[in-house]
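Structural characterization, general
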Amino acid sequence: MKRSEEPAMFLIIVLCFYVVGRVQGVSRPLVIGHRGAAYLPELTLAAQSMGYAFGADIIEIDVCLSRDNQLIVIHDIYLDGVSNVAEIFPNRNRSNGYSYVIDFDLEELRRLTIRERFRPFNGTQIFPLRFPSNSVITFQLATLNETIELLLGFNRATGQQRQLLIEIKKPEYHLKYNKSISSIVLETLNAYNLKESSDPIILQTFHIEELMHIRRNLGSKLRLFALMTWNRINESSSDYDFYRSEDGIRNLSNVIQAIAPNHEFIVNYDSNGTILGNTNLTKWAHQNGLAVYPFTFRRDSFPGRSFEQLIQYFLHTARVDGFITDHPDVILEFLRREMAAKDVIFIQQNSSSSLISSMLILVFNMIIISKMIV
């Protein structure tokens with residue numbers, strides 16, 4: 001080696017050891033605020049805003065169509081579980097007693113007050129310790145346009161890149177009324193130039209064949225998630241037993257980027273909520289390049305004895321890629337503590353290796369300098 005090359009080699013060696021000794025950042029699972037956050041009536045702009053304020057990476061919403069083809073942010077295809085529709089429109093219910101979103105125009109829906117979820121016809125609040133459903137504070141339904149404006153405005157004001165996960169509610173149901181809800185969703189997003197996989201928008205639905213239609217026939221490039229539940233619930237005509245099999249996952253991987261299954265598809269529980277072990281679903285998804293975001297993690301409704309232990313198991317043993325949760329603040333705080341503990345351990349483990357690196361650098365330095373002197 002020429003003498004002039006030795007200093008350059010020395011710098012390369014020093015740089016290599018410096019890079020090795022650096023503490024690398026560790027990414028955490030995504031936290032998806034289910035219907036915003038649990039502390040205000042679900043899916044209202046206030047609940048969505050609270051989810052962003054807590055630090056949720058993604059806010060999950062649901063959309064249905066009104067009679068005049070407006071995209072309404074609401075979980076159910078009927079209004080009775082979250083609004084005062086029976087008081088404002090007492091004669092607009094169908095024979096089963098329910099008042100459906102698709103039977104009302106946007107102007108009429110604006111007149112409703114949104115409440116914390118309750119059981120229709122008896123008024124019992126589903127989650128008793130959440131925001132009181134009889135509160136005099138007025139909340140309203142939002143449209144998808146307003147929700148997009150909130151997302152874009154928040155990202156601009158904070159310089160952050162939060163995202164929106166839009167569940168297209170019951171495409172088959174809407175098709176019975178000659179309404180292609182997916183097409184209307186895409187038209188709305190296109191108006192905001194939200195059409196690429198890099199944009200902060202994700203689409204999901206329980207009707208998995210609709211995802212294939214969105215990708216192949218409607219030509220969308222947006223990221224797609226496949227929701228999965230039990231066939232017996234009749235959420236859609238999709239065969240979830242097949243789609244969560246190894247062949248089904250492999251088939252889906254050509255179309256979607258992630259699965260969003262019920263958390264009971266990820267692990268097996270006994271009758272007391274104790275976890276017995278993992279299923280193969282996460283393994284198969286990861287083998288086919290798909291992320292896994294199970295739903296729904298609720299601090300006030302969960303299997304087993306400890307919500308924190310449940311999250312810990314899904315994080316470390318089930319190795320999911322994120323959590324769809326009513327309580328994004330609780331899971332984010334848990335993940336922060338986990339990351340802080342890992343950083344401490346990593347630094348402690350690397351203190352000795354840093355000393356060794358320094359000693360080796362010194363030795364190389366001495367060797368090279370001695371050669372240069374000769």
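It should be emphasised that the depicted structure is a prediction, and the values quoted were computed from it without experimental measurement.

**Digging into the overall build of the protein chain**
Looking only at helices and strands, one finds 13 helices and twelve strands in the protein chain. Look at the contacts in the protein chain between residues 6 or more apart in sequence, and 69% of them connect residues 24 or more apart.

**Re the pairing of strand β6 (residues 201-205)**
The two faces of the sheet receive side chains in turn, since in a regular strand these alternate between them. Where burial is concerned, most of β6 is hidden: five out of the five residues are buried. Along β6, one buried face is formed by I201, L203 and T205 and the opposite face, lined by I202 and Q204, is buried too. One ladder, built from four bridges, connects strand β5 (residues 163-168) with β6; its direction is parallel. Residue pairing for β6: I166 is matched across the bridge by L203. In this structure, β6 lies alongside strand β7 (residues 223-228), joined through four bridges in parallel fashion. If you follow Q204 over to β7, its bridge partner there is F225. Once you follow β6 into helix α8 (residues 208-216) and on to β7, the crossover reads as right-handed.

**A short note on the nonpolar core**
One finds L164, L203 and F314 to be the most contacted residues of the largest nonpolar core, which totals 77 residues. The leading source of residues in this core is helix α12 (residues 307-316), at six residues. Once you skip the residues sitting within four places of it in the chain, L164 turns out to touch Y52, I58, I59, I61, L144, T147, I148, L151, P200, I201 and I202. Counting residues in hydrophobic clusters, the runner-up holds 22 residues, among them C64, F89, Y100 and V101.

**Examining the packing of helix α5 (residues 144-158) against helix α7 (residues 181-191)**
One can describe the packing of α5 onto α7 by two numbers: an axis separation of 11 Å at closest approach and a directional angle of 40 degrees. Considering their axes alone, α5 and α7 lie oblique with respect to each other. Once α5 is placed against α7, the crossing between them reads as right-handed. Taking contact as the criterion, the partners of L144, N145 and I148 in α5 are, on α7, V185, T188 and L189. A class-by-class count of the residues in the contact of α5 with α7 yields four nonpolar, two polar and no charged.

**Some points on the packing of aromatic side chains**
Summed over the entire model, instances satisfying the criterion amount to 17 aromatic pairs. Aromatic side chains F206 and F295 sit 6.1 Å apart centroid to centroid with 85 degrees between the ring planes, which places their arrangement in the edge-to-face category. Within this pair, whereas F206 is found in the loop between β6 and α8, its partner F295 is found in the loop between β11 (291-292) and α12, the two being separated by 89 residues in sequence. As far as the burial class goes, F206 and F295 line up, both buried. Lying across the ring of F89, R92 places its NZ or CZ 5.4 Å from the centre. Across the ring face of F127, the terminal group of R130 is positioned such that the distance to the ring centre comes to 3.8 Å.

**Description of the pattern of salt bridges**
Enumeration according to the criterion identifies 22 salt bridges in this entry. For the salt bridge of R244 with D241, the shortest nitrogen-to-oxygen distance reads 3.4 Å. Residue R244 is classed as partly exposed on the basis of its relative accessible area of 27%. For D326, the salt bridge is made with R298, and the minimal N-O distance between the two is 2.7 Å. Of this pair, D326 sits in the loop between β12 (322-325) and α13 (328-373) while R298 sits in the loop between β11 and α12, placing them 28 residues apart in sequence. The same class applies to D326 as to R298, namely buried. Residues participating in the shared-partner salt-bridge network are R35, E42, D76 and R117.

**Focus on the confidence of the model for the protein chain**
Within the protein chain, residue pLDDT values average 89, and 84% of them lie at 70 or more. Overall, residues 3-26 carries pLDDT values under 50, and its contacts beyond four positions in sequence, including any with other chains, amount to 25 contacts.

**A word on the environment of R35**
Within the secondary structure, R35 sits in the loop between β1 (30-34) and α2 (45-54). Its relative accessible area of 11% is what places R35 among the buried residues. Placed ten residues apart in sequence, R35 and L45 show a C-alpha to C-alpha distance of 9.9 Å. With residues near it in sequence (within four places) discarded, R35 still touches E42, L43, A47, E60, D62, H75, R117 and R298.

**Focus: the environment of F104**
Secondary-structure assignment places F104 in the loop between α3 (85-88) and α4 (106-109). Residues F104 and R67, spaced 37 residues apart in sequence, show a C-alpha to C-alpha distance of 5.3 Å. For F104, the contacting residues outside a window of four places in its chain are S66, R67, D68, L79, V85, F89, R92, S99 and L109.

**A look at α12**
Buried within α12 we find F307, L310, I311, Y313, F314 and L315. N-capping of α12 is provided by S306, with a side-chain oxygen placed 3.4 Å from the backbone N of E308.

**A few points about the pairing of β5**
Counted residue by residue, β5 has six buried out of six residues, so it is predominantly covered. Going residue by residue along β5, you find Q163, L165 and E167 tucked away on one face and L164, I166 and I168 tucked away on the opposite face as well. Taken together, the six bridges between strand β2 (residues 58-65) and β5 define a ladder with parallel strand orientation. Looking at β5, one finds that E60 is bridged to L165.

Rules used in this analysis
- Residues numbered from 1 in each chain as written.
- Predicted model: local features only at pLDDT ≥ 70, side-chain atom pairs only at ≥ 80, totals over all residues.
- Heavy atoms only, no water.
- Helix = DSSP H or I, 4+ residues; strand = E, 2+ residues; numbered from the N terminus.
- Contact = heavy atoms within 4.5 Å.
- Buried < 20%, exposed > 50% of the residue type's maximum accessible area, 1.4 Å probe, protein only.
- Pairing = 2+ DSSP bridges.
- Right-handed = clockwise from strand over helix to strand, strands pointing away.
- Core = buried A, V, L, I, M, F, W, Y, C linked by side-chain atoms within 4.5 Å.
- Axes fitted to C-alpha atoms, helices over the stretch in contact; angles between N-to-C directions.
- Parallel < 35°, antiparallel > 145°, perpendicular 65-115°, else oblique.
- Left-handed = near helix turned anticlockwise from the far one by under 90°.
- Nonpolar A, V, L, I, M, F, W, Y, C, P; charged D, E, K, R; others polar.
- Phe/Tyr/Trp six-rings, centres within 6.5 Å; stacked < 30°, edge-to-face > 60°.
- Lys NZ or Arg CZ within 6 Å of the ring centre and 35° of its normal.
- Salt bridge = Lys/Arg side-chain N within 4 Å of Asp/Glu carboxyl O.
- pLDDT = per-residue confidence, 0-100.
- Polar contact = N/O pair within 3.5 Å; in protein donor to acceptor, adjacent residues only side chain to side chain.

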